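Residue-level listing of the chains:
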Amino acid sequence: MRIHLPGKWVWLCSLLACTAMAEGREQLGIRTLFLSEHPDAAPPRVYVKGQVVTVLRFEQAVDPARTRLVGGDGRFETVGVLGRKVVLEPRRDLDPDEGFSLLVALVDGPQLPFLLRPPNPRGRGSADQQLNVFKDRESYDAMVSALVDSEKENQTLRAENERLHKEESSEDHALAALLTAEAESQTPFKVVEHFSGRDDDAALEGTVFRGKGKAAVVFRVKNLHAVRSWSMKSVRLVGTSDSRERAIAVRSSAAVIEPGTSGVIGLVVDGSAFLEEGTLTSLRLEMYRQDGFVQAIVRLDPSLLGK
């Protein structure tokens, strides 16, 4: 790996290869799953992630003697059966093209097939924490579970609509959009440093900018992987002396970067984010990719804030 480090402004966490996981920040899901009555229906998917426990919860007791994982020996911890629950835990992340069959047998009932797959960044982006599995859609518990899912989805949509509304009138998001469009000349930012690095999956070039009371970073990412798409999962901005998250404006040219293609991500930080109890402090910008690994870490110094 080649890493070109700039001056005091930026440092990269073994650029593109840092192994710190983002599990503590990842939103794991609880959802309702209704089994199809059609005999030729495909097995329902269960999204699992390395070292994350997934629980399938059924309406009746599970038969441990007839419940088994097919082809997952050595890849999963021993499948646990506790009354009406089946407990799964992969030892590491599944590859994008991997899938394993889980056969769950209910007491005095048939074996129910499930397909274990990794989360899809273009679809469901997180692992299942708990699946409430129902055969009878009309049962009281099934309807309650479905209503809870519906309300959770509505809350998510309302929050997303509110976020988008705020971003439409945000100066920082407008500046981030210009940087993402590589229209730097239309912004008040001046280039401070360039940095770059690459590994087997991606090549990254970055630029740090000084602005009038603001700082900015632009990432240019090229996907080098032969088959796997690249996407930005999340971004965190925290103080180097504390873990309090600060606000940051983010824009990207594409939600997903396909193999062989490139994308641009623009980020703008307001000067108020550098304040900690009235004192200017350095910040740490962390970018996470689709598999939850840290893609890059950039250190932002208060001296980036121009007069």
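Going by the structure above, here's the rest.
Please read all numbers here as calculations on a predicted model, not as lab measurements. Positions within a chain are numbered from 1, following the residues in the order the chain's sequence is written. Restriction of local features to residues with pLDDT of at least 70 applies here, the model being predicted, together with a cutoff of 80 or more for giving and counting side-chain atom pairs; totals for whole chains, interfaces and linings are based on all residues. Water and hydrogen atoms were dropped before computing side-chain values, which therefore reflect all heavy atoms in the structure.

Concerning the environment of Ala203
Stage number 1. Positionally, Ala203 belongs in strand E12 (residues 202-212).
Stage number 2. Relative accessible area serves as the criterion here: at 16%, Ala203 is assigned to the buried category. Put simply, DSSP H or I for four residues or longer makes a helix, DSSP E for two residues or longer makes a strand, and each gets a number counted from the N terminus. Relative accessible area decides the class of each residue, using a 1.4 Å probe on protein chains only: under 20% of the type maximum gives buried, over 50% gives exposed, and in between gives partly exposed.

Some points on the sheet that holds strand E14 (residues 232-239)
Hydrogen bonds along the backbone pair up the strands of a sheet, which may run parallel or antiparallel.
Stage number 1. We treat two strands as partners when DSSP finds at least two bridges between them. The 3 strands lie next to each other as E14-E19-E20, forming an open sheet whose pairing is antiparallel. On the outer flanks of this sheet lie E14 and strand E20 (294-300), each paired with one strand and no other. Direction aside, the axes of adjacent strands within the sheet are offset by 15 degrees on average.
Stage number 2. Alignment of strand E19 (residues 283-289) against E20, held across 6 bridges, turns out to be antiparallel. Across the sheet, the residue bridging to Leu285 is Val298, located in E20. Axes here refer to lines fitted to C-alpha atoms; in helices the fit is confined to the stretch in contact. Angles between the N-to-C directions go from 0 to 180 degrees.

Overview of the packing of aromatic side chains
Stage number 1. Any two of the Phe, Tyr and Trp rings considered here, Trp counted by its six-membered ring, make a pair once their centres fall within 6.5 Å; the pair's planes then place it as stacked at under 30 degrees, edge-to-face at over 60, or tilted in between. This model, assessed by the stated rule, comprises 5 aromatic pairs.
Stage number 2. An angle of 40 degrees between the planes, with centres 6.1 Å apart, marks the rings of Phe34 and Phe134 as tilted. You can see Phe34 sitting in strand E2 (residues 29-34) and its partner Phe134 sitting in strand E10 (residues 128-134), a full 100 residues away along the chain.
Stage number 3. Judged by relative accessible area, Phe34 falls into the partly exposed class, the value being 23%.
Stage number 4. Measuring from centroid to centroid gives 6.0 Å for Phe58 and Phe114, while their planes differ by 70 degrees, and the two rings are edge-to-face. Taken together, the residues span a long stretch of sequence, with Phe58 in the loop between strand E4 (54-57) and strand E5 (68-70) and Phe114 in strand E9 (residues 111-117) at a distance of 56 residues. An identical accessibility class is assigned to Phe58 and Phe114; each is buried.

Things to note about the sheet that holds E5
Stage number 1. Spatially, 4 strands are ordered E3-E9-E8-E5 in an open sheet, and the strand pairing comes out mixed. Strands at the two margins of the open sheet, each flanked by one partner only, are strand E3 (45-47) and E5. Each adjacent strand pair in this sheet contributes to an overall mean axis angle of 30 degrees, direction not counted.
Stage number 2. Sheet topology note: the strand E8 (residues 100-105)/E9 ladder contains 6 bridges and is antiparallel. Bridge pairing links Leu102 to Phe114 in E9.

Structural notes on the side chain of Thr281
Stage number 1. By the element assignment, Thr281 lies in the loop between strand E18 (279-280) and E19.
Stage number 2. In this view, Thr281 contacts Thr240, Ser241, Arg246, Phe274, Glu276 and Pro302; residues no more than four positions away in its chain are not counted. Between two residues, a contact is recorded if the distance between any of their heavy atoms is within 4.5 Å.

Digging into the pairing of E10
Stage number 1. The element E10 is largely enclosed, with a buried count of 5 among its 7 residues.
Stage number 2. Across 3 bridges, E4 lies against E10 in parallel orientation. Of the residues in E10, the one forming a bridge with Leu56 is Leu131.

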